[in-house]
Structure formats: C-alpha cells, structure tokens
Amino acid sequence: MRLTRTRLCSLLVALYCLFSIYAAYHVFFGRRRRAPGATSRGSRKAAAAAQAKERRGREQSALESEEWNPWEGDEKNEQQHRIKTSLHLLNKSTKEKIEHNVQIWGKAAIGLYLWEHIFEGSLEPTDVTAQWREGQTVVGRTHYSFITGPAVVPGYFSIDVDNVVLVLNGREKAKIFHATQWLLYAQNLMQTQKLQHLAVVLLGNEHCDNDWIIQFLKRHGGFVDLLFLTYDSPWINGADVLQWPLGVATWQPQETNESLKNYQDALLQSDLTLCPVGVNTECYRIYEACSFGSIPVVEDVMTTGHCGNTSRHHSAPLQLLKAMGAPFIFIKNWKELPAILEKEKTIILQEKIQRRKMLLQWYQHFKAELKWKFTNILESSFFMNNKG
C-alpha cells in the first residue's frame, strides 16, 4: 500500500512537470508561430485607436484650457500663405517678362513697413543696426530693389536705375530739413537725366501740415510724379496724391527683446486693443493689434489740425481703413466701452477664435491689395506715359 502511494505521488509530480513544460513552451514559443500580419494589423489598430483617443483628449482639454493658444495654427497658415504667394509671384515672373526696375530709398522708418510687411521682402544683413541693408523682389512686371540704413546718404552710392521711390519723414522741422536735402539731390539727378521718374512715400505731419513739399510736386511745377501720404490729408485725390497707411512702429534701440515680447504677448492675449486718439486718430497700435489678431477699438473722432474735414470727407477719419472694410469696433465716446465689454462676456471661445481668424485674413488681404495697388499706380504713372 505504501509503495502504491509512493508511485502515485511520483506520477502526479511527473504530470505536473510535463504540464509546466508544455505551458512554458506555448508562452515562449507559441507567440512566434502566430501570423505576423495579424499581429501587426492588430497592433496598428490598437495604436491608432490609442492615438485617436489621445488626440481627442488633447483637443477637448485644449478647448477647456485658458492657456491654449488658438492662433498658432493661423500663424502657420499665414506662413504657408506667404510661401504660396512667393511661389505664385515666382511662377508669374517667369511667365511674364520683367519690364521695369524701381529702386526704393528707405530714408524713413515707414519704409520698413512698405518693404517687410506689404511687399513681404527680406533685408540683408538681418541686423537692424547695420549701416547698409538691401533686398530685392518682383511684383508683376516690376523688379524692386530696396536700400536703407545710415550709410545711404546723397551722393555716396551709385544710381543704377532710372526710377526711384523715396521714403521720407516730414513730421517735424528737423526731419523736413533732411527730407528736403534728399529731394534736392533727386532733383539734381533728374536734371542731369540720371533719373526719369520719382515717387515719394511721406510720413506726413500729424496735423497734415505738409505745405513744404508742394513745390516739388509735378502738378505744381516740380518733378515728383506721385505722393503717397499718411493720415487723412485733404490733398488726397486718388490721382497723384494717394493715402498711405501709417503701419507698425519701428522698435526703438533702447527697447529690449524682453519688452518687445511682453508687448506682443499682451496683444496675443487680448481680445480687444483700445486705440484712443493721440495727436492724430491713426496710430501704430491699430496695425500692431491687427498683426496679432486683436480687435482694435478705435476712437472714431477727428483731431485738431488740417486733416480731412468730415463735412467734405464723410468717412474721415481713417478713410483708407474704412474703404478697405476694416473689421474694427468704432466708437465716438469712451462711455460706450462698458456696453462693449459686457457684450464681450457673452461671446464664447469659438466665436472669439473665428473673429481673430477673420481679422488676420482681412489684414493679410489689406496688405496684398496695397502691394498691387502701389505697383499698378507706379507702372501706370512711370511707364505708360513713356509708351505714349
């Protein structure tokens, strides 16, 4: 009996060992024999489902998070738009023969807005403190070159073109003196037939006191074919005197990268940007707010001086922006602001995001329209007359 029990126990131990070996075999070797395609497909499906779930979670948390930046995609879209625009211009320039050459002498900061923001051109070197900076681009049938910097002074650089756009500052007496020196230099070039045509982009006086430049305009016996003038000047006629936007401010050297970033972050985080009138209704802040998708709340009143009279110009002030359908909030009195802020509280996040998108799209369209308008007017004034 004792022997039988011993044999039975030995048999059970042997069976247990065999079962353990069999189980271990299937665990370690059975998976390798499984169809690899099925395993891969199953893994991919599981991974895809996990990624989709994670993505939905991120999107949901993004909508609920106040720290989410909804304009990152717009910045990427705008960059892609610029690339597409550059490719379009490149393709167009290869199909259409470049017939004209125009050089822009940027002797006022407003020239950087014309070149870098409206023309979307680049400058070399990139260092803003460089003594000499230049760039090139093609718009339509016209090749533009741009030069700026302290080293660009009358009589100290070669004139390689017949047609020039001169960007000047006429805000105050000292600036007017330097602007006049540049115009006299250009006049001498015209008289010696080194130049054929000249247009001026002028940062005008904030009270629209620009009488000093009248003598240089062609219709007053001078040599300046076209004048692009900031602010709502009563001179603007749509023919040889045209309104030009003030644009963004040039960041002063005494400012720091940190202060610039703080200002830009404030615009990014603000749904509205308040733009009270100063010496003139138009201010740099309007365009800076547009650059970051913050809706300008503009005090829509005329300032003192000789700018557009509302009895003659019903859309004044800011005629150019209004004519282009600027999606701003215009107010006549700051007592209207509390009601505007109360309304803001009722606007949901998605609506604010859409409003920012619309403003950014409008501003991009605004600059593109100005670029083509500027080029078409130059080509018509400078070159059509030559053919006639």
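Treat the numbers as computed from the prediction; the structure is a model and nothing was measured.

*Asks:* Break down unusual backbone geometry for me, citing the residues and quoting the values.
*Replies:* Here the bond from E124 into P125 is cis, since omega is -5°, no more than 30 degrees from zero. Within the secondary structure layout, P125 lies in the loop between α4 (110-118) and β2 (133-139). For C208, which is not a glycine, the phi torsion comes out positive at approximately 65°. With respect to the helices and strands, the residue C208 is situated in the loop between β5 (197-203) and β6 (226-230).

*Asks:* Can you explain the side chain of D240? Please cite residues and give values.
*Replies:* When you line up the elements, D240 lands in the loop between β6 and β7 (241-244). For D240, a relative accessible area of 16% puts it in the buried group. Setting aside residues up to four positions removed in sequence, D240 forms contacts with R219, D225, L226 and L227.

*Asks:* Quick one: what's the story with the pattern of salt bridges, residue by residue and with numbers?
*Replies:* Taken as a whole and assessed by the stated rule, the structure comprises 11 salt bridges. A salt bridge links E206 to R171, with the shortest nitrogen-to-oxygen separation between them at 3.8 Å. Note that E206 is positioned in the loop between β5 and β6 and R171 in the loop between β4 (163-169) and α5 (173-191), a separation of 35 residues in sequence. Residue classification places R171 among the partly exposed positions, given a relative accessible area of 23%. Across the salt bridge formed by K345 and E342, the nearest N and O atoms sit 3.1 Å from each other. According to the relative accessible area criterion, K345 is exposed, its value standing at 64%.

What counts, and at which threshold
Residues numbered from 1 in each chain as written. Predicted model: local features only at pLDDT ≥ 70, side-chain atom pairs only at ≥ 80, totals over all residues. Heavy atoms only, no water. Helix = DSSP H or I, 4+ residues; strand = E, 2+ residues; numbered from the N terminus. Buried < 20%, exposed > 50% of the residue type's maximum accessible area, 1.4 Å probe, protein only. Contact = heavy atoms within 4.5 Å. Salt bridge = Lys/Arg side-chain N within 4 Å of Asp/Glu carboxyl O.

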